[in-house]
Amino acid sequence: MKAGKIIVVLLIAVLVAGFFLFDLNQYFSLEWLKSQQASLDAQVAAKPLAAAAIFFGVYVLVTALSLPGAALMTLVGGALFGLGWGLLLVSFASVLGATLAMIISRFLLQSWVQKRFGNRLKAINQGVDNEGAFYLFALRLVPVFPFFLINLAMGLTRLKVTTFWWVSQIGMLPGTLVYVNAGRELGQIDSLGGILSPGLIGAFVLLGLFPLIARKILEWVKARRVYKGWNKPASFDHNLVVIGAGSGGLVSAYIAAAVKANVTLIEKHAMGGDCLNTGCVPSKALIRSAKLAAEINKAHELGYNEASASVNFARVMDRIQRVIGDIEPHDSVERYTELGVEVIQGEARITSPWQIEVNGRALTTRNIIIAAGAKPFMPEIPGLDQVTAYNSDTLWGLREQPKRLLVLGAGPIGCELAQAFQRLGSQVIQVEMGPRPLPREDADASDLVMQHLRNEGVDLRLRHQAERFEVLEGGQQQLVAKQLDDGEYVAIPFDAVLVAVGRKANTTGYGAEELELELRENGTLQTNEYLATRFPNIYAVGDVTGPYQFTHVSAHQAWYAAVNALFGTFKRFKVDYRVIPRVTFTDPEVASVGLSEAEARAQEIDFEVTRYGIDDLDRAIADQAAVGFVKVLTVPGKDKILGVTIVGQHAGELLAEYVLAMKHNLGLNKILGTIHSYPTMAEANKYAAGEWKRAHAPAGVLRWVERLHRRRLGR
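Residues numbered from 1 in each chain as written. Predicted model: local features only at pLDDT ≥ 70, side-chain atom pairs only at ≥ 80, totals over all residues. Heavy atoms only, no water.

**Comments concerning the sheet that holds strand β14 (residues 489–494)**
Two pairing modes exist for strands in a sheet, parallel and antiparallel, and in both the strands are linked by backbone hydrogen bonds.
For step 1, the next point in the chain: Strand order across the open sheet formed by 3 strands is β12-β13-β14, with antiparallel pairing between neighbours. Each of the sheet's edge strands pairs with one partner strand only, and the pair in question is β12 (464–471) and β14. Sheet twist, expressed as the average angle between the axes of neighbouring strands with direction ignored, equals 30 degrees.
For step 2, the next point in the chain: In terms of strand pairing, strand β13 (residues 477–483) meets β14 through 6 bridges, oriented antiparallel. Within the sheet, the bridge partner assigned to Val480 lies in β14 and is Ala491. (Pairing = 2+ DSSP bridges. Helix = DSSP H or I, 4+ residues; strand = E, 2+ residues; numbered from the N terminus. Axes fitted to C-alpha atoms, helices over the stretch in contact; angles between N-to-C directions.)

Okay, here's the thing in C-alpha cells:
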C-alpha cells in the first residue's frame, strides 16, 4: 500500500476509534438530544453563524466517515434551524459528506477491487457508464437502502464524482425534507423508525420508480428524435424481416418462426452465408484432405516401411464442393420454408425504419435484423490488382494447384490455409508484418504453431511488410517486401497470392447509409448492449457488427437480437460475451476461452497459471500426437477459471469442457472430480486440474496426516 493510502487509513482509524473510545455515540441518541434541546436552542440563538458552521462540519465528518448518527443529525437540523435553514444546511452537508465518503472509498479500494474483480465488473462498469445517474437516482429516492452503503459502493465504480454529487443533491432532497420537517416536532418523536410510516415508505417507493419511468420517457423522446421525418405505417406485414442468411440471419429467423412470429428472410447470394460456402465448411474440408497427406508423410513413425499417395488437387477441390452440397440442406430455402419462414432470394434495401424493398416488392415490418456479414479485406498495395490474387471467398474456384503460393497474413485463416496448401504440395511462402503468427494468442501457443509450420516446410517470413507487387517480363510475379528489422528490401517470387489480412463488415448496398446507421472506428455497425442500432427497432448481428467474427458468436447474438426485437417492449436482454471460445484449426489446433496471459496482464488482473503438457498424456503418445499443452489461468489461491488455452490434437473439442465450466461457474475441483474415460485426450483436462490441486495441497494438514500414519505403524 502506498504511503498516501496508509496515512488516510490511519487517520480514519484514529477518528473512528476516538468516536467509540470516548463514547461520543452517546451524543447521537434521540434521548440525549431531547434532553438538551433547550440548551442547544439557546446556543443557536446566541451565536447562529458559529452554531451553523459547527453543525455543518460535524455533519460532514459523520457522513464522510460513515459513522452512525446522520439520520439523527438531520432531525437536529430541523429542530435547531427550522425547515428552511435546516434543509439548506443538511442538504449540502449530507451531500458533501457522502461525496467525501465516495472519494475515500475510491481512493482506498477502487483500484484493488477493479484489479481483482475487473473481469466480473465489466457489465456493472458499463451499466454505470451508460446509466449510472439513473441507478443512483433510484437508490437515493428510496430510503430502504442505507445511504452510507451507497456512498461506499459507488466509490468502487467508475461513476464520475460530479455525477454522484448532483444526483445525490437532487435524489436525497425528498428524504432530507421529511426528516428536517420531523425535527421541528422533536418532542413528539419517540423513535427514528416512527418518522417513516408505511404510507410514507410507499410514497418513497413510488418516487424510486420515477427514474425508471424517466428512463422510459427519455427512450421515447430519443426514439421520437431518431424517427423524426419518417412515417411509421399504421399496420405491418411482418413482425420481423432478416437481411442475410448466414449463421446470424438463419438463427434469427429460426427463433422468430419458433415463437410463431411472421418472419421473412432475405438473401441475395447463397443460403448459409460465408460459413457454408466460402468459410468454415470448405476450409475444414480442405484441412481434412491435407491432414491425410501429412499422415502419409509420417507413416514410417507408425510402423510402415513405405506409404505414398499423389494429390489430385482438382479432385480435392471438387470434394469440397460435394461437402458443401451435403451440408447445404441444413440451411436451404426448403428447410426454412417448412419451419415457417418466408424466404426471398433477392437484394434487400431498407427504405425506411419499417420498410424493405426486395425484387420490386415493399415489405413493412415492425423490426429488422441486419445480418449482412463481412468480406475479405483487400489492402491497397500497389500492383495487387495486376497479379493472380485470391482471398478466402474466391479461393474455392481454384482447380490448378499453385506451385508457389504466397500467403499474406498469419492470422487464423492465413495459418490454416498456409499449412493445408503446404501439405498438399505447394511451396508456401507466408508473409507477416508482426513478430509471430496468431498474434492474439499467447506466445507459447503461437510459437508452437510457428515451429510446426516451419518443420513442414512453410517459408515463414516474419517482420516483413508488403510494399508492392510486380509482374516482370515473361509473366513472373513477385512481391517486394521490406524487412522491418534491418530495413532491407527483398523480392519474393510466387505463382499466386492468397490475401488473408482480415475481414471488412458489409455496411453498404442495403440502405444503411441512407438511414445514417453509425459505424465504429473498425467499420462495423454500431450497436448497443441489446444489439440495436440508433433505431430501436433495427438490430445487427454477426460479422457486420462484431466484436467477434466467429460463426458461433453470430448464432449467439441472434438469440438476443430476435428476442429483443420481438419481445423488447416487455423485457430486453443484454448480450452476454463473458465466455466466448475460439479455435484455430491448424495442426496442432489452438483453442482458447476467457483471458490469455497477455490480456490478464493488460487488464491488471491477478492470476495463477497451471500447465499440463499433452506430451505426457497416454492417448496422445499412442496416437503419435504427443505435442501441446493445457494452460489454465485461475484466481490466485482459488480454483475459479479465468481463461484456458489448449494447444494440441482435438484442442477445439477439449475446450468445450472448460467453456461449460466457466459458463456455470464451476472450478477446477469439479473437473478433477469428474470421471474421464481412459485413454482419451479429454483426460488432459483432468490432469491439468490435478496439477492445480497438487500445487494447492494443504501442506500443514499433510504433515499431520504423515505423522498419523507413522504412529499407526508403531514407529
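**Topic: the nonpolar core**
For step 1, the next point in the chain: By size, the foremost hydrophobic cluster in this structure holds 36 residues, and its most contacted members are Leu286 and Leu395.
For step 2, the next point in the chain: Looking at this core element by element, the count peaks at 6 residues for helix α16 (residues 412–424).
For step 3, the next point in the chain: The residues contacting Leu395, other than those within four sequence positions of it, are Met317, Tyr390, Leu417, Phe421 and Leu498. (Core = buried A, V, L, I, M, F, W, Y, C linked by side-chain atoms within 4.5 Å. Buried < 20%, exposed > 50% of the residue type's maximum accessible area, 1.4 Å probe, protein only. Contact = heavy atoms within 4.5 Å.)

**Overview of the packing of helix α11 (residues 247–258) against helix α18 (residues 551–567)**
For step 1, the next point in the chain: Running from amino to carboxyl end, α11 crosses α18 at an angle of 40 degrees, the nearest separation of the two axes being 8 Å. Here the hand of the crossing between α11 and α18 comes out right-handed. Contact residues: α11 offers Ser247, Gly248, Val251, Ser252, Ile255 and Ala256, while α18 offers Thr551, Ser554, Ala555, Ala558, Trp559, Ala562 and Leu566.
For step 2, the next point in the chain: Class assignment for the residues of the contact of α11 with α18 results in 8 nonpolar, 5 polar and no charged. (Left-handed = near helix turned anticlockwise from the far one by under 90°. Nonpolar A, V, L, I, M, F, W, Y, C, P; charged D, E, K, R; others polar.)

**Thoughts on the pattern of salt bridges**
For step 1, the next point in the chain: Applying the stated criterion across every chain yields a total of 25 salt bridges.
For step 2, the next point in the chain: Close ionic contact of Arg582 with Glu441 constitutes a salt bridge, the shortest N to O distance being 3.0 Å. Taken together, the residues span a long stretch of sequence, with Arg582 in strand β18 (residues 581–584) and Glu441 in the loop between β10 (427–432) and α17 (443–455) at a distance of 141 residues. The residues Arg582 and Glu441 share a single accessibility class, namely buried.
For step 3, the next point in the chain: Here Glu706 and Arg710 are joined by a salt bridge, their closest N and O atoms 3.0 Å apart. Here the residue Glu706 and the residue Arg710 both occupy positions in helix α24 (residues 699–712), the gap between them amounting to 4 residues, near one helical turn.
For step 4, the next point in the chain: Residue classification places Arg710 among the partly exposed positions, given a relative accessible area of 49%. (Salt bridge = Lys/Arg side-chain N within 4 Å of Asp/Glu carboxyl O.)

**Section: the environment of Asp543**
For step 1, the next point in the chain: For Asp543, the location among the structural elements is in the loop between β17 (538–540) and α18.
For step 2, the next point in the chain: Sequence separation of Asp543 and Val553 is 10 residues, and the distance between their C-alpha atoms is 8.9 Å.
For step 3, the next point in the chain: Excluding its chain neighbours within four sequence positions, the residues that come into contact with Asp543 are Gly373, Ala374, Arg503, Ala505, Thr524, Tyr548, Gln549, Phe550 and Ser554.

**Remarks on unusual backbone geometry**
For step 1, the next point in the chain: Residue Pro547 is reached from Gly546 by a cis peptide bond, and omega for that bond is 5 degrees.
For step 2, the next point in the chain: Locating Pro547 in the fold gives a position in the loop between β17 and α18.
For step 3, the next point in the chain: Of note, the amide linkage connecting Asp587 to Pro588 takes the cis form, showing an omega dihedral of 5 degrees.
For step 4, the next point in the chain: Topologically, Pro588 is positioned in the loop between β18 and β19 (589–594).

Functional significance is not addressed by these values, which are geometric in nature.
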